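Each chain is listed here by its residues.
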Amino acid sequence: MPAEVFLIRSTIDRADASSGKSYDVRALGTLRAADGKGIVRLEDRFDTDMDDLWSALTDPRRLARWLGEVEGDLRQGGEFRARYFASGWEGTGRVEECEPPRWLLILTKSPDEPDGVIEATLTADGDQTILVIEDRGLPLQQIAAYGAGNQVHVEDLAAYLAGRERCNARERWQELHPAYQELAAHLT
């Protein structure tokens, strides 16, 4: 059994020196290590039903409004190409497992990134849906960067579902990265 380290969520109270404002930066994610690789787990609650959230995660037209350009087949066994807006990630993927509207398992490949496994689980909770995403196979030395980047994607999804624009990904990543660095410090 691989040794795993589980970490709690982090909230950092930060002050913006230029404006004098103070704000909380809450990490939605937890970080852990297994077999020498990093895992980012994000969990958030959305004010929509499972079918709508599933569609936002699997319909290329809707993905283009919050995540990036996705072309191909997003059904089980299907392959696709993608380019994400916020992180700039480009690569290919394969839908390994798919149980609409509850569970999705994707394998990703990119020349500049490690091969990855992304798992999304949706659970109804009254009028809301809880989304859990795990991004596995990440280099431990970069896990804080992946954590912050993945949270930017989840926040862009929330903004899209609420009818708002995506955030400034670079600024938001810079705000979130220290919280994930704090979490990652416990992995070494």
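Calculation criteria
- Residue indices begin from 1 for each chain and proceed along its sequence in written order.
- In view of the model being predicted, local features appear only for residues whose pLDDT reaches at least 70, and side-chain atom pairs are presented and counted only at 80 or more, with totals across whole chains, interfaces and linings using the full set of residues.
- Side-chain figures throughout are based on the complete set of non-hydrogen atoms in the structure, without hydrogens or water.
- Think of a patch as exposed residues, more than 30% relative accessible area, with no salt bridge, where like charges cluster within 9 Å and nonpolar side chains (Val, Leu, Ile, Met, Phe, Trp, Tyr) cluster within 5 Å.
- Per-residue and other accessible areas follow the Shrake-Rupley method at a 1.4 Å probe size, with only the shown protein chains counted as cover for residues.
- We define a salt bridge as a contact between a side-chain nitrogen of Lys or Arg and a carboxyl oxygen of Asp or Glu at a distance within 4 Å.
- For the purpose of charge, His is not counted, nor are the chain termini; Lys and Arg are scored as positive and Asp and Glu as negative.
- The location of each charge is read from NZ of Lys, CZ of Arg, CG of Asp or CD of Glu.
- What counts as a helix is a DSSP run of H or I of at least four residues, what counts as a strand is a run of E of at least two, and both are numbered from the N terminus.
- Buried residues are those whose accessible area, probed at 1.4 Å on protein chains only, stays under 20% of the maximum for their type, while exposed residues exceed 50% and partly exposed ones sit between those limits.
- Each polar contact in these results corresponds to two N or O atoms within 3.5 Å; when the atoms are within protein, one needs to be able to donate a hydrogen and the other to accept it, and residues that are neighboring in sequence are counted only if both atoms are side-chain atoms.
- Paired strands, in this sense, are two strands between which DSSP finds at least two bridges.
- Only centres within 6.5 Å qualify two rings of Phe, Tyr or Trp (six-membered ring in Trp) as a pair; their planes then separate them into stacked at under 30 degrees, edge-to-face at over 60, and tilted for everything else.
- Here an angle of 0 to 180 degrees is reported between the N-to-C directions of two axes, which are lines fitted to C-alpha atoms, with helices fitted over the stretch in contact.
- The criterion used for residue contact is that any of the two residues' heavy atoms lie within 4.5 Å.
- Just so you know how the angles are binned, under 35 degrees is roughly parallel, over 145 roughly antiparallel, 65 to 115 roughly perpendicular, and the rest oblique.
- Handedness of a helix crossing follows the sense of rotation of the near helix relative to the far helix, less than a right angle counterclockwise being left-handed and clockwise being right-handed.
- Classes in brief: Ala, Val, Leu, Ile, Met, Phe, Trp, Tyr, Cys and Pro nonpolar; Asp, Glu, Lys and Arg charged; the others, Gly included, polar.

A. Inspection of a negative patch on the surface at higher detail. Negative charge collects at one region of the surface, where D47, D49, D51 and D127 lie side by side. Tracing the backbone shows D47 in the loop between β4 (37-46) and α1 (50-58).

B. A look at α1. Burial in α1 covers these residues: M50, L53, W54, A56, L57 and T58. The N-cap of α1, judged by a side-chain oxygen 3.1 Å from the amide nitrogen of D51 a few residues on, is D49.

C. Geometry of the pairing of strand β5 (residues 68-72). As paired elements, β5 and strand β6 (residues 79-84) share five bridges and run antiparallel to each other. Note that in β6 the partner of E69 across the bridge is R83. If you look at the hairpin formed by β5 and β6, you'll find six residues sitting between the two strands, and G77 has a positive phi there, around 85°.

D. Broad picture of unusual backbone geometry. Omega for the peptide link from P100 to P101 comes to -10°, which places this bond in the cis form. Its identity as a non-glycine residue notwithstanding, D35 has a phi of 55°, on the positive side. Its relative accessible area of 65% is what places D35 among the exposed residues.

E. Examining the packing of aromatic side chains more closely. The final tally for this structure, using the stated rule, is one aromatic pair. With a centroid separation of 4.9 Å and 40° between ring planes, the pair formed by Y84 and W89 is classed as tilted. For the pair Y84 and W89, one class covers both residues: buried.

F. Local environment of the sheet that holds β4. With antiparallel pairing, eight strands are arranged side by side in an open sheet as β3-β4-β10-β9-β8-β7-β6-β5. Across the chains shown, the open sheet's two edge strands, defined by having one partner strand only, are β3 (29-34) and β5. Adjacent strand axes in the sheet meet at a mean angle of 25°, parallel and antiparallel pairs treated alike. Relative to strand β7 (residues 90-99), β6 runs antiparallel, the two sharing five bridges. Within the sheet, the bridge partner assigned to E79 lies in β7 and is R94. Helix α3 (residues 143-161) contacts β3, β4, β6, β9 (113-125) and β10 (128-139) of the sheet and is inclined by roughly 20° relative to β4.

G. The packing of α3 against helix α4 (residues 169-184), seen in detail. Closest axis-to-axis distance for the α3/α4 pair is 7 Å, and the angle between their directions is 130°. Classed by the angle they form, the pair α3 and α4 counts as oblique. For the pair α3 and α4, the crossing hand works out as right-handed. The residues of α4 that touch α3, namely those facing I143, A144, A145, G147, A148, G149, Q151, V152 and E155, are A169, R172, W173, L176, H177, Y180, Q181 and A184. Grouping the amino acids of the contact of α3 with α4 by side-chain chemistry returns 10 nonpolar, five polar and two charged.

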